[in-house]
Amino acid sequence: ESAASVALMIMWAARKQRASVMAVAAMEPVMGPSMEVFMPVEIMAKEDDAATKNHWAHRLLAIAAGVMLGYGILWAATSVRRAAGITLLDHNREFTIKSDGAVIGLGPIPAAFQPTVRQAVLLDKIDPPSFWKELDGAEDSTAPAPADPFRAIEPVGAVVPSDRPVLRWTLKSGANGYRIELANRSGAITKSAPLPASATRWQPNEPLSPNETYSWRVEAWRDGSLVAKAPMPPRPEAHFRVLDPATAAALQKLRETSGGAHLLMGLSYAHAGLQADAQRELESFRKENPRSPLPTNLLTSLASW
């Protein structure tokens with residue numbers, strides 16, 4: 001587009017130059033020397049002035065034609081390359097991304113997952129799953145940062161593959177016991193038995209419901225009195241979602257049929273909300289294709305959730 005704009009500007013200048021010459025030629029017999037009062041000095045130049053200006057006008061038009069021809073050749077070559085697609089590596093295997101977003105060479109892609117793959121490779125971005133807003137707690141930016149290092153570590157804002165996830169936190173100075181409070185979306189609360197002063201992890205005794213979002217916090221106790229809870233503002237609430245068995249099975253099947261293709265696994269993990277797993281796969285994909293902007297753009301999009 002910029003080349004075409006330059007060519008048009010050159011053509012406009014050439015036409016203007018020729019118009020100026022024609023105006024001078026038409027007006028000079030009538031106005032004679034008085035033209036000097038109205039016309040710029042360079043336009044009034046004698047001594048084959050009209051011939052010189054016509055010469056440069058023709059040269060400008062020739063340059064414009066050359067620019068347009070070059071632009072046309074470049075556009076045609078680019079169109080051919082786009083139609084042919086781009087070739088990348090995945091697990092040392094070459095595969096092709098076509099201009100319509102079709103991925104060829106990484107094994108069969110489930111029909112339900114194909115629109116997700118096409119959108120990602122065409123737009124260089126990964127949209128979060130629809131339930132992600134349930135996990136994305138907002139941090140209070142107006143509150144001062146807590147000086148106490150006591151906090152919930154994981155899972156926080158994540159999808160967990162196990163229905164009995166391990167909850168982890170840091171120790172609270174001076175505490176001699178802990179307790180976990182776990183709640184689902186309906187508000188039903190489960191509390192753990194008292195945990196010792198050295199405890200930094202806890203796992204539910206019973207399986208949690210798949211496709212359910214939970215919130216949790218850890219309470220620090222000292223001599224029977226509650227002394228702290230984590231997380232507390234300004235840190236966001238700790239939410240996680242339990243992956244359903246059907247999605248887990250589909251991920252395992254895709255890994256087998258695609259030979260563990262990093263691009264497909266990265267996009268499928270992201271689609272399921274397994275952000276850390278998606279990042280790991282896309283990092284591996286980027287290492288195999290350091291010159292391609294696609295993996296970097298996908299990772300940037302993933303990190304922006």
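Check the entry above for the structure.
Engineer: Can you help me understand the sheet that holds strand β1 (residues 86-90) in this one?
Structural biologist: The 3 strands are arranged β1-β2-β3 in an open sheet whose pairing can be described as antiparallel. One side of each edge strand has no neighbouring strand; the edge strands of this open sheet are β1 and β3 (103-104). Here strand β2 (residues 93-97) runs beside β3; their pairing, made up of 2 bridges, is antiparallel. Residue T96 lies in a different strand from β3, and its bridge partner there is I104. Each of β1 and β2 touches helix α7 (residues 275-288); the most contacted strand, β1, lies at about 120° to it.

Engineer: Sorry, what's going on with the packing of α7 against helix α8 (residues 293-303) here?
Structural biologist: Axis angle and axis distance: for two packed helices, these are the angle between their axes and the distance between the axes, and together they describe the pair. Between α7 and α8, the shortest axis-to-axis distance is 9 Å and the interhelical angle comes to 160°. For the element pair α7 / α8, the angle class is roughly antiparallel. Here the hand of the crossing between α7 and α8 comes out left-handed. Residue-level inspection shows Q275, A278, Q279, L282, E283, F285 and R286 of α7 in contact with α8, the latter providing L294, P295, T296, L298, L299 and L302. Class assignment for the residues of the contact of α7 with α8 results in 8 nonpolar, 3 polar and 2 charged.

Engineer: Help me understand the sheet that holds strand β10 (residues 201-202), please; the structure alone is not making it clear to me.
Structural biologist: The pairing of strands in a sheet comes from backbone hydrogen bonds and takes either a parallel or an antiparallel form. Sheet architecture is open: 3 strands sit in the order β4-β6-β10, paired in antiparallel fashion. Looking at which strands have only one partner, the edges of the open sheet turn out to be β4 (152-154) and β10.

Engineer: Is there a simple way to think about the environment of S130 in this case?
Structural biologist: Tracing the backbone through its elements, the reader meets S130 in the loop between α4 (114-123) and β4. Taking the C-alpha atoms as reference points, S130 and H271, 141 residues apart in sequence, are found 9.4 Å from one another.

Engineer: Even after reading the chapter, I still don't get the pattern of salt bridges, so can you show me in this structure?
Structural biologist: When the charged atoms of two side chains with opposite charge come close together, those side chains can pair. For the structure on display, the rule yields 12 salt bridges. A salt bridge links R241 to E134; the nearest nitrogen and oxygen atoms lie 3.6 Å apart. Note that R241 is positioned in strand β13 (residues 238-242) and E134 in the loop between α4 and β4, a separation of 107 residues in sequence. The closest approach of N and O atoms between E154 and R168, which form a salt bridge, is 3.1 Å. With a gap of 14 residues between them, E154 in strand β4 and R168 in strand β6 (residues 167-169) connect regions that are remote in the sequence. Taking the relative accessible area as the measure of exposure, E154 reaches 37% and is therefore partly exposed. We classify R168 as partly exposed; its relative accessible area is 30%. One salt-bridge network, held together by shared partners, links E134, R185, E212 and R241.

Engineer: What am I meant to see in the packing of aromatic side chains here?
Structural biologist: Think of a pair of aromatic rings as described by two things: how far the centres are apart, and how the planes are tilted against each other in angle. Applying the stated criterion to the full structure yields 5 aromatic pairs. Both rings, one in F95 and one in F285, keep their centres 6.2 Å apart while their planes meet at 40°; by these two values the pair is tilted. Residue F95 is found in strand β2, and its partner F285 is found in helix α7; the two are separated by 190 residues along the sequence. Assessed through its relative accessible area of 1%, F95 is described here as buried. On the numbers, 5.6 Å between centres and 20° between planes, the contact of Y214 with F240 is stacked. In this pair, Y214 is assigned in strand β11 (residues 213-222) and F240 in strand β13, connecting sequence segments 26 residues apart. According to the relative accessible area criterion, Y214 is buried, its value standing at 8%. Pairwise contacts between aromatic rings join F150, W169 and Y178 into one cluster.

Engineer: What is the right way to read the nonpolar core from this model?
Structural biologist: The nonpolar side chains of soluble globular proteins are, as a tendency, buried together. By size, the foremost hydrophobic cluster in this structure holds 35 residues, and its most contacted members are F95, L263, L267 and L298. When residues of this core are assigned to their parent elements, the largest contribution, 7 residues, is made by helix α6 (residues 262-272). F150, A152, A238 and F240 belong to the second largest nonpolar core, which has 22 residues in total.

Conventions and cut-offs
Residues numbered from 1 in each chain as written. Predicted model: local features only at pLDDT ≥ 70, side-chain atom pairs only at ≥ 80, totals over all residues. Heavy atoms only, no water. Pairing = 2+ DSSP bridges. Helix = DSSP H or I, 4+ residues; strand = E, 2+ residues; numbered from the N terminus. Contact = heavy atoms within 4.5 Å. Axes fitted to C-alpha atoms, helices over the stretch in contact; angles between N-to-C directions. Parallel < 35°, antiparallel > 145°, perpendicular 65-115°, else oblique. Left-handed = near helix turned anticlockwise from the far one by under 90°. Nonpolar A, V, L, I, M, F, W, Y, C, P; charged D, E, K, R; others polar. Salt bridge = Lys/Arg side-chain N within 4 Å of Asp/Glu carboxyl O. Buried < 20%, exposed > 50% of the residue type's maximum accessible area, 1.4 Å probe, protein only. Phe/Tyr/Trp six-rings, centres within 6.5 Å; stacked < 30°, edge-to-face > 60°. Core = buried A, V, L, I, M, F, W, Y, C linked by side-chain atoms within 4.5 Å.

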